[in-house]
Amino acid sequence: MVLEPAERRTAMLRLIGGARQRLVLSLFRCDDFEVLDGLASALERGVAVHALLTKRAKGGRKRLKKLWAALEEMGAVVNWY
């Protein structure tokens, strides 16, 4: 699926909100609280969430560790890629 840049966020939020069984996604320096809230809601609905994070975010190592910890605390499975 290819979306115009202006449509991507809304499409992603709809996808997360409609997930029933499993979400597998790659996150790169995610600081969008609406996306994170959507993932938390999906986990509360029983959706298995698997997130891949990069180790190579320039200048963002601390942020990535915070994101990793937040996702794990919610109940997501997190891995580096």
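Rules behind the numbers
- Residues numbered from 1 in each chain as written.
- Predicted model: local features only at pLDDT ≥ 70, side-chain atom pairs only at ≥ 80, totals over all residues.
- Heavy atoms only, no water.
- Pairing = 2+ DSSP bridges.
- Helix = DSSP H or I, 4+ residues; strand = E, 2+ residues; numbered from the N terminus.
- Axes fitted to C-alpha atoms, helices over the stretch in contact; angles between N-to-C directions.
- Contact = heavy atoms within 4.5 Å.

K.L.:
Before we go on, may I ask you to explain the sheet that holds strand S3 (residues 77–80) in this structure?
P.N.:
Remark on secondary structure: sheet strands pair via backbone hydrogen bonds, oriented parallel or antiparallel. In space, the three strands of this open sheet follow the order S1-S2-S3, with parallel pairing throughout. Edge positions in the sheet fall to strand S1 (22–27) and S3, since each of these pairs with one other strand and no more. Ignoring strand direction, the axes of neighbouring strands in this sheet form an average angle of 20°. Examined bridge by bridge, strand S2 (residues 48–53) and S3 share four bridges and lie parallel to one another. Along S3, the bridge assignment pairs His 50 with Val 77. With respect to the sheet, helix H3 (residues 61–74) is in contact with S1, S2 and S3, its orientation differing from that of S3 by roughly 150°.

K.L.:
I tried to follow the side chain of Thr 54 on my own but got confused; where do I start?
P.N.:
One can find Thr 54 in the loop between S2 and H3. Once residues lying within four places of it in the same chain are set aside, the contact partners of Thr 54 are Leu 27, Phe 28, Leu 64, Trp 80 and Tyr 81.

Everything listed here is a matter of coordinates, which is why it stays silent on function.
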